[in-house]
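As a plain string of letters, each chain reads:
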Amino acid sequence: MSLRNTRAKWGWPTKLLHWVMAVLMIGLALVGTWMANFVNDMVLQFQVTQHHKSFGVVVFGLAILRVLWRLLNPVSPAHAAGRSAWERRAASMAHGALYALMFVMPLSGWLMASASALNDPGAYPMQVKNMVFGLFELPDPISPGDESLEAIFHTVHAWSSYLLAVVLLLHIGGALKHHFRDRDDTLRRMLP
Ligand code: HEM
Ligand code: HEM
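Computed from a predicted structure; not experimentally measured.

A. Region of interest: the site of ligand 2. Residues in contact with ligand 2 amount to 24 residues; listed here are only the nearest, Gly32, Ala36, Gly56, Gly109 and Ser161. Sorting the residues of the shell around ligand 2 by element identifies helix 1 (12–37), helix 2 (42–72), helix 3 (85–115) and helix 4 (147–182) as the ones contributing at least two each. Taken together, the residues of the shell around ligand 2 break down into 12 nonpolar, 11 polar and one charged.

Encoded structure:
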């Protein structure tokens, strides 16, 4: 198990970050869609949303680590032989979009939650603080709440999740195509 990425394979920190973040982001997108649109019990919805926010902050922290690690390891495994220019460009664009979404999703979620009237001490005596696993409070740049800003960040958050779904379908489809049709080691070298 190598630490650093080489031209032949990914180092273990890259693999670990890739798979931990993949589980978290796919989980957050599924749970987020469910809690926001299909849960009628307000208490349950509230509790799930608090956990959604906490795990979303974890994604943000890991995204910073991941980009720093990537910058320290500019080498990455070579593209599989025989891939056309458009395939390489499509893969790079999908990776760029996924890197952007690792930041846009948590940031829009945080700003939406900050702008929410629920987080406004003036409007709600029972002000809901945005706590991360009950350990510390998220900074609240939009205080008091602002419903129009909340709506804007909600739109960004929801539409980014649709984009995430589309890009992920291409990304996962690409990985499976490499594995089963081209029979190269693109997927295998990202596995433990
Ligand atoms: C079941 C789900 C997934 C599979 C099978 C998968 C598979 C892969 C594979 C095989 C690679 C290596 C590509 C190469 O060697 O050129 C890769 C890279 C990458 N994956 Fe995934 N992935 C999945 C989920 C995700 C998710 C949810 C994200 C969202 C953040 C993501 C982000 C990335 C990025 C950014 C890279 C490029 C790494 C780099 O070049 O720095 N993947 N993925
Ligand atoms: C990778 C990270 C994240 C992903 C993939 C994600 C995904 C989602 C999705 C798909 C929804 C449903 C949107 C809808 O249909 O209305 C949602 C809702 C929500 N998210 Fe996130 N989220 C992430 C991070 C965060 C963070 C960090 C926060 C706040 C600190 C947050 C706060 C919220 C809130 C408050 C809602 C409920 C919105 C409503 O009531 O309609 N999210 N999220």
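B. The packing of helix 1 against helix 2, seen in detail. For the pair helix 1 and helix 2, the least separation of the axes is 10 Å and the interaxial angle reads 155°. As judged from the angle between their axes, helix 1 and helix 2 are roughly antiparallel. The chirality of how helix 1 crosses helix 2 is left-handed. Facing helix 1, whose interface residues are Pro13, Thr14, Leu17, Val20, Met21, Leu24, Met25, Leu28, Val31, Gly32 and Met35, helix 2 presents Gln45, Val48, Thr49, His52, Phe55, Gly56, Val58, Val59, Leu62, Leu65, Arg66 and Trp69. Of the residues in the contact of helix 1 with helix 2, the class split is 16 nonpolar, six polar and one charged.

C. Seen up close, the site of ligand 1. Ligand 1 sits among 19 residues. The nearest are Ala22, His95, Leu98, Ala175 and Met190. Where the shell around ligand 1 is concerned, the elements lending two or more residues are helix 1, helix 3 and helix 4. For the shell around ligand 1, the element with the most residues is helix 1, which contributes five residues. Taken together, the residues of the shell around ligand 1 break down into 13 nonpolar, five polar and one charged.

About the thresholds
- Residue positions within a chain follow its written sequence, with the count starting from 1.
- Note on labels: chains are lettered from A, ligands numbered from 1, in written order.
- The model is predicted, so local features are restricted to residues of pLDDT at least 70 and side-chain atom pairs to those at 80 or more, both for listing and for counting; the totals for chains, interfaces and linings are taken over all residues.
- Each residue receives a C-beta atom built from its backbone; the residue is near a molecule or strand if that atom lies within 6 Å of it.
- Secondary structure elements follow DSSP: runs of H or I of four or more residues count as helices, runs of E of two or more count as strands, with numbering from the N terminus.
- Note on residue categories: nonpolar means Ala, Val, Leu, Ile, Met, Phe, Trp, Tyr, Cys or Pro, charged means Asp, Glu, Lys or Arg, and polar means any other residue, Gly included.
- As a rule, the C-alpha atoms of each element are fitted with a line to give its axis, helices using only the stretch in contact, and angles between N-to-C directions run from 0 to 180 degrees.
- Throughout, the term roughly parallel applies to angles under 35 degrees, roughly antiparallel to angles over 145, roughly perpendicular to angles from 65 to 115, and oblique to all others.
- Take the far helix as your reference; a near helix turned counterclockwise from it by less than a right angle gives a left-handed crossing, and one turned clockwise gives a right-handed crossing.
- Whether two residues are in contact depends on their C-beta atoms, placed from the backbone: they are in contact if these lie within 7 Å.

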